[in-house]
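Breakdown of the fold
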Amino acid sequence: MANIKEQIQEAALEIGFSKIGFARAEPLPNAPLLEWLQNGYHGDMAYMARDPEKRLDPGKVLPGCQTVIATALNYYTPYPTKSNDNQGQISRYAWGKDYHKVIQKKLKKLAAAITLAEPLAKVKVCVDTTPILEKAWAERAGLGWQGKHTNLITRDLGSWVFLGEILTDLVIEPDAPHLDFCGNCNRCIEACPTQAITAPYVVDGSRCIAYLTIETKEPIDKELSEKTGNWIFGCDVCQEVCPWNRFSSTTPEEAFFPRPQVERPLESWMEITDEEFLEEFAGTPLMRAKRKHMAQNAAIAKHNLEK
Ligand code: B12
């Protein structure tokens with residue numbers, strides 16, 4: 001009979017994860033996160049500044065945690081980012097169904113497979129909102145490395161992957177951390193429209209177009225709004241220029257294929273009502289920005305295009 005690690009690996013692939021790896025749950029070094037917060041790179045994402053010690057130590061999220069099981073799920077679909085100039089650009093991750101729902105469902109299946117094999121095991125499913133540094137764990141578990149744009153890059157699928165984890169008190173043999181393959185390449189740093197990558201491996205979140213178009217509740221600074229081009233939800237520039245994304249392949253996950261509703265002229269984002277927005281985008285990542293923010297983003301994009 002296969003050991004627990006092999007059983008989990010097999011179950012993960014059956015459930016449809018693209019990658020799985022294991023890391024010992026020793027706390028991460030605190031300097032990069034603390035420095036990032038001290039620099040104010042979290043902007044008004046107050047949740048990032050809450051309890052940084054917890055974010056670094058999975059044992060504070062799941063008492064007795066021994067192993068972080070890291071997964072990646074490919075979301076690449078074979079379409080260009082936009083089909084014409086009068087459509088605002090929406091980042092690739094948001095074209096289909098909300099990834100939180102898709103990944104959580106898969107992680108719960110995987111957690112069930114684990115407890116079936118080890119009924120007394122503690123398991124905690126994490127995707128995005130749990131206070132852990134998902135990219136750092138994925139790197140430690142050998143799925144890929146954090147590129148200079150800080151996204152996790154895999155050698156065979158590029159960076160178009162979502163991350164999700166299971167914390168457990170089971171002791172499982174760890175995988176080797178992944179090596180860094182960015183080399184001398186600085187394309188992402190040079191291409192970022194708002195100069196948000198302040199140094200290799202450091203992103204000032206408060207300048208990132210994803211923050212400006214989705215997260216912040218504050219009015220957008222004029223200097224930055226002029227640089228957001230026609231991006232109206234997130235931004236893919238740092239990933240589009242990355243040579244490793246030549247290796248992307250189409251996801252088998254139908255949920256991530258684009259919904260026709262995301263393809264619409266900029267004006268229609270300004271005219272859409274709350275009811276229509278809810279009807280067309282419930283269950284998609286766009287709900288995070290809310291209708292009002294989308295309308296403002298579209299107005300900025302239109303202004304930028306007409307300049
Ligand atoms: C907050 C957040 C954001 C913020 C801040 C981004 C950021 N880089 O931190 C904003 C809103 C801007 C954002 C944007 C995006 N996000 Co986001 N985001 C998160 C979240 C919730 C936390 C990230 C975090 O902890 N940041 C804190 C800092 C300290 O961490 P860091 O970026 O990893 O940076 C440190 C390391 O790189 C470290 N470091 C490592 N090696 C080295 C080496 C050296 C030499 C040095 C100096 C430092 C260093 O030091 C850095 C500190 O400066 C995670 C989910 C999670 N719970 O982890 C998703 C997550 C990171 N986001 C994700 C995605 C998809 C995106 C976008 C691509 C969406 C889009 N298309 O618009 C962009 C990418 C922008 C970018 N280049 O980072 C995915 C990434 C998947 C992947 N393949 O990596 C995640 C993991 C969600 C998920 N579950 O899949 N995001």
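The rules behind each value
Residues numbered from 1 in each chain as written. Predicted model: local features only at pLDDT ≥ 70, side-chain atom pairs only at ≥ 80, totals over all residues. Heavy atoms only, no water. Domains from an automatic or database assignment. Contact = heavy atoms within 4.5 Å. Buried area = accessible area lost by both parts, 1.4 Å probe. Salt bridge = Lys/Arg side-chain N within 4 Å of Asp/Glu carboxyl O. Polar contact = N/O pair within 3.5 Å; in protein donor to acceptor, adjacent residues only side chain to side chain. Helix = DSSP H or I, 4+ residues; strand = E, 2+ residues; numbered from the N terminus. Buried < 20%, exposed > 50% of the residue type's maximum accessible area, 1.4 Å probe, protein only. Pairing = 2+ DSSP bridges. Phe/Tyr/Trp six-rings, centres within 6.5 Å; stacked < 30°, edge-to-face > 60°. Lys NZ or Arg CZ within 6 Å of the ring centre and 35° of its normal.

1. Comments concerning the domain arrangement of the chain
One widely used convention gives an interface's size as the accessible area the parts lose upon coming together. We note that the domain assignment places domain 1 (4–83 + 92–168) and domain 2 (187–306) within the chain. Domain 1 and domain 2 are separated by 22 Å when their C-alpha centres are compared. Each partner contributes to the interface: domain 1 provides 44 residues, whereas domain 2 provides 46 residues. Buried surface at the junction of domain 1 and domain 2, summed over both partners, amounts to about 3800 Å²; 60% is from carbon and sulfur atoms. In terms of surface lost to domain 2, no three residues of domain 1 exceed Tyr-41, Asp-44 and Lys-148, which account for 17% of the buried area on that side. Across the pair Glu-253 and Lys-106 runs a salt bridge, and its minimum N-O distance is 3.0 Å. Where domain 1 touches domain 2, the interface holds 18 residue pairs in polar contact (both at pLDDT 80 or more).

2. Quick look at unusual backbone geometry
With phi around 55°, Asp-51 is a residue other than glycine that occupies positive phi space. Take Asp-51: it is sitting in the loop between α3 (46–49) and α4 (52–56). By relative accessible area, Asp-51 is classed as partly exposed at 47%. Despite not being glycine, Lys-290 shows a phi value in the positive range, around 70°. What makes Lys-290 exposed here is its relative accessible area of 53%.

3. Considerations on the pairing of strand β7 (residues 161–168)
With eight of eight residues buried, β7 lies mostly within the body of the structure. Covered by surrounding structure in β7 are Val-161, Leu-163, Glu-165 and Leu-167 together with Phe-162, Gly-164, Ile-166 and Thr-168, the residues of both alternating faces. In this structure, strand β2 (residues 67–74) lies alongside β7, joined through eight bridges in antiparallel fashion. Paired with Thr-67 across the two strands is Thr-168, which belongs to β7.

4. Details of the packing of aromatic side chains
Inspection of the entire model under this criterion finds 15 aromatic pairs. Between Tyr-76 and Trp-160, the ring centres sit 6.4 Å apart and the planes meet at 35°, which makes this aromatic pair tilted. Linking Tyr-76 in the loop between β2 and β3 (89–90) with Trp-160 in the loop between β6 (152–153) and β7, this pair joins segments that are 84 residues apart in sequence. Each member of the pair, Tyr-76 as well as Trp-160, carries the same accessibility label: buried. Pairing Trp-145 with Trp-244 gives two aromatic rings, centres 5.2 Å apart and planes at 80°, and the pair type is edge-to-face. Of this pair, Trp-145 sits in strand β5 (residues 145–146) while Trp-244 sits in the loop between α11 (237–240) and α12 (266–271), and the two are 99 residues apart along the sequence. Of the two residues examined, Trp-145 and Trp-244, each falls in the buried class. Stacked on the ring of Trp-160, the Lys or Arg Arg-92 has its end atom at 5.0 Å from the ring centre.

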